[in-house]
Amino acid sequence: MQRQSLIIDCDPGVDDAVGLLLAFGSPELDLLAVTTVAGNVSIERTTRNARILRQLAGRTEVPVFAGAQRPLRRPPGEAAEFHGTEGLGVLETFEPDLPVAEGTAAQAIIEAVMARPEGAVALAVMGPMTNLALALRAEPRLAGRLGPVVVMGGARSEGGNITASAEFNIWADPDAAAEVFASGCRVTVLGLDVTHQVRATQARIATIEALAGICARTAGSLLRFSQDVERRIVGWEWAPLHDPCTVAWLLKPELFRAVPCRIEVETESDLTRGHTAVEFRVDAASARHHWVVEADADAVFALIAERLERLP
């Protein structure tokens, strides 16, 4: 089996947690590290939550590095109303057995990528792009050496979920996102246009809840929490599953359809902060960005269920 070396950069967060479990249960992925960032909740909580999930999955060989405590130049903004005060819904949190790895998330990204051949290391970004922006500032050659960078963030046709036009991950640190998109990295972006197609319906949640094991029970609890929040705050019947789509794309890109484009981010306007301007009128052969427009939701949830079965 040809394994894909991967770093996951995340801010767990309910849907990040499901994405981490999907990755932990996927033998095709050689997980080099999990790096954390402040976003859905504080850096202390996101880092602890990543360590909790690592422990539940029995993947203690994967180091967890703490990253940026705040955006590049703005006050931090959180989304605890969608993720619970501790970031994991109603799950009871605890102090994991293993500590945080030494060093920063940006340093870990640089060292892992620069020590391997060009294009060998993929990066899945499930939260604000602060860590990647800091890594690129410290080592600009990173942009040409990273393998595919797959990001959950942004919105075009669907509108925003934190403001009228902005998705939370981009809104939380628009300056970092703007720097990443301008860096020359090859970036595939799964925004709300596609993640809103991947809904945790009753049948899909029930399939996961029927699985044995603590990781499946954890995922089921997280999905139920998201369902309740979406019904109460947004008024939707079924919650979209955002962040796990990044890992699903790396595992099975054939489940998605992406379009070449150019992406820029609004950083100056308070009204449209974090808006992603997605331009499809580009030369497809030279485009460094791809915007995902379609997903096979049934297959994505089937993949999640299959991988959860592999975990404790």
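One can find the structure itself at the top, above this paragraph.
Let me begin by describing the structure that accompanies this report. A quick note: this is a predicted structure, and the numbers were derived from the prediction, not measured.

**Details of the overall build of the chain**
Phase 1 of the analysis: When helices and strands are tallied, the chain shows 13 helices and eleven strands.
Phase 2 of the analysis: Across its three principal directions, the C-alpha atoms of the chain cover 45 × 45 × 40 Å.
Phase 3 of the analysis: Residue burial in the chain is summarised as follows: out of 312 residues, 59% are buried.
Phase 4 of the analysis: For the chain, restricting intrachain contacts to residue pairs at least 6 apart in sequence, the fraction spanning at least 24 positions comes to 83%.
Phase 5 of the analysis: As presented, the chain carries roughly 12200 Å² of accessible surface, and 50% of it is formed by carbon and sulfur atoms.

**Details of the sheet that holds strand β5 (residues 149–152)**
Neighbouring strands of a sheet are bound in pairs by backbone hydrogen bonds; such pairs are parallel or else antiparallel.
Phase 1 of the analysis: With mixed pairing, nine strands are arranged side by side in an open sheet as β3-β2-β1-β4-β5-β6-β11-β9-β10. Looking at the sheet topology across the chains shown, the edges are occupied by β3 (64–66) and β10 (276–279). Sheet twist, expressed as the mean angle between neighbouring strand axes with direction ignored, is 30°.
Phase 2 of the analysis: By the bridge criterion, five bridges tie strand β1 (residues 4–10) to strand β4 (residues 121–125) in an arrangement that is parallel. When the sheet's bridge partners are listed, L6 is paired in β4 with A122.
Phase 3 of the analysis: Taken strand by strand, helix α1 (residues 14–24) contacts β1 and β2 (29–36), and its axis lies near 155° from that of β2.

**Details of unusual backbone geometry**
Phase 1 of the analysis: In the segment running from P12 into G13, the intervening peptide bond is cis, with an omega of -10°.
Phase 2 of the analysis: Relative to the helices and strands, G13 resides in the loop between β1 and α1.

**Some remarks on helix α8 (residues 174–182)**
Phase 1 of the analysis: Taken together, the buried positions of α8 are occupied by P174, D175, A176, A177, V180 and F181.
Phase 2 of the analysis: Turning to α8, the residues buried within the fold contact α5 (130–138), α7 (168–172), β6 (187–190), β9 (256–265) and β11 (289–295).
Phase 3 of the analysis: Taken from the residues just after α8, G184 is the one with a positive phi, measuring 100°.

**Observations regarding a nonpolar patch on the surface**
Phase 1 of the analysis: On the surface, I233, V234 and W236 cluster together into a nonpolar patch covering about 230 Å² of accessible area.
Phase 2 of the analysis: Among the secondary structure elements, I233 is positioned in helix α11 (residues 214–234).
Phase 3 of the analysis: Classification of I233 as partly exposed rests on a relative accessible area of 38%.

**Some words on the nonpolar core**
Phase 1 of the analysis: Counting 59 residues, the largest nonpolar core has I8, F24, F256 and L308 as the members making the most contacts within it.
Phase 2 of the analysis: No other element matches the eight residues that α1 contributes to this core.
Phase 3 of the analysis: In this structure, I8 is in contact with L20, A23, L31, A33, V34, T35, A124, M126 and V247, ignoring residues within four places of it in sequence.
Phase 4 of the analysis: Membership of the second largest hydrophobic core comes to 37 residues, among which are V121, C261, V265 and V278.

**Topic: the packing of α1 against helix α13 (residues 297–308)**
Phase 1 of the analysis: In contact at an axis separation of 8 Å, α1 and α13 are set at 60° when each is read in the N-to-C sense. The angle between α1 and α13 falls in the class oblique. Relative to α13, the crossing made by α1 is left-handed. Facing α1, whose interface residues are V18, L21 and L22, α13 presents L303, I304, R307 and L308.
Phase 2 of the analysis: Residue composition of the contact of α1 with α13, grouped by class: six nonpolar, no polar and one charged.

**Quick word on the packing of aromatic side chains**
Phase 1 of the analysis: As enumerated under the stated definition, the model contains one aromatic pair in all.
Phase 2 of the analysis: Taken together, a centroid distance of 6.0 Å and an interplanar angle of 35° make the contact between F168 and W171 tilted. A residue pair is termed a helical-turn pair when its members lie 3 or 4 positions apart in one helix, as F168 and W171 do in helix α7 at three residues. Take F168 and W171: they sit in the same class, and that class is buried.
Phase 3 of the analysis: Sitting over the ring of W171, R273 keeps its end group 4.0 Å from the ring centre.

**A short note on the pairing of β1**
Phase 1 of the analysis: Burial of β1 is extensive: six of the seven residues sit out of reach of the surface.
Phase 2 of the analysis: Where β1 and β2 come together, seven bridges link them in parallel fashion. Looking at the pairing, S5 lines up with D30 of β2.
Phase 3 of the analysis: At this point the chain moves from β1, through α1, to the parallel β2, and the crossover so formed is right-handed.

**Quick word on the pattern of salt bridges**
Phase 1 of the analysis: The tally for this structure, following the rule as stated, stands at 18 salt bridges.
Phase 2 of the analysis: Note that R307 is salt-bridged to E28, the shortest N-O span being 2.7 Å. With R307 in helix α13 and E28 in the loop between α1 and β2, the pair connects residues that are 279 residues apart, well separated along the chain.
Phase 3 of the analysis: As a salt-bridge pair, R224 and E209 come within 2.8 Å of each other at their nearest N and O atoms. One end of the pair, R224, is in helix α11; the other, E209, is in helix α10 (residues 202–209), with 15 residues separating them in the sequence.
Phase 4 of the analysis: Taking relative accessible area as the criterion, E209 reaches 37% and is therefore assigned partly exposed.
Phase 5 of the analysis: Here the salt bridges share partners, and the residues they tie into one network are E28, E306, R307 and R310.

**Brief notes about the environment of L134**
Phase 1 of the analysis: Here L134 lies in helix α5.
Phase 2 of the analysis: Excluding its chain neighbours within four sequence positions, the residues that come into contact with L134 are A68, L72 and A106.

Calculation criteria
- Starting afresh in each chain, residues are numbered from 1 along the sequence in its written order.
- Per-residue local features of the predicted model are confined to residues with pLDDT of at least 70, and side-chain atom pairs are confined, for both listing and counting, to 80 or more; whole-chain, interface and lining totals are unaffected and use all residues.
- In computing side-chain properties, one takes all heavy atoms of the structure into account and sets aside hydrogens as well as water.
- A helix here means a DSSP run of H or I that spans at least four residues, while a strand means a run of E at least two residues long, and both kinds are numbered starting from the N terminus.
- We call a residue buried when its accessible area falls under 20% of the maximum for its residue type, exposed when it is over 50%, and partly exposed in between, using a 1.4 Å probe and counting protein chains only.
- Only heavy atoms matter for contacts: two residues are in contact if any of them lie within 4.5 Å across the pair.
- The accessible surface values rely on the Shrake-Rupley method and a 1.4 Å probe; as for residues, cover is taken only from the protein chains in view.
- At least two DSSP bridges between two strands are required for those strands to pair.
- What counts as an axis is a line fitted to C-alpha atoms, over the stretch in contact for a helix, and the angles between N-to-C directions run from 0 to 180 degrees.
- Patch rule: a residue counts if its relative accessible area is over 30% and it has no salt bridge; like charges are joined within 9 Å, and nonpolar side chains (Val, Leu, Ile, Met, Phe, Trp, Tyr) within 5 Å.
- Salt bridge, as used here, is a side-chain nitrogen of Lys or Arg placed within 4 Å of a carboxyl oxygen of Asp or Glu.
- As used here, the term nonpolar core means buried Ala, Val, Leu, Ile, Met, Phe, Trp, Tyr and Cys residues forming a set that is joined through side-chain atoms within 4.5 Å.
- Roughly parallel refers to an angle under 35 degrees, roughly antiparallel to one over 145, roughly perpendicular to one between 65 and 115, and oblique to any angle outside these ranges.
- Left-handed describes a crossing in which the near helix is turned anticlockwise from the far one by less than a right angle; the clockwise case is right-handed.
- For this scheme, ten residues count as nonpolar: Ala, Val, Leu, Ile, Met, Phe, Trp, Tyr, Cys and Pro. Four count as charged, namely Asp, Glu, Lys and Arg, and the remainder, Gly too, count as polar.
- Any Phe, Tyr or Trp ring, taking Trp's six-membered ring, that has another such ring centre within 6.5 Å forms a pair; planes under 30 degrees apart are called stacked, those over 60 apart edge-to-face, and the others tilted.
- Working rule: Lys NZ or Arg CZ, within 6 Å of ring centre, within 35 degrees of ring normal, means a charge sits over the ring.
- Consider the strands pointing away from the viewer: the crossover is right-handed when the path from the first strand over the helix to the second runs clockwise.

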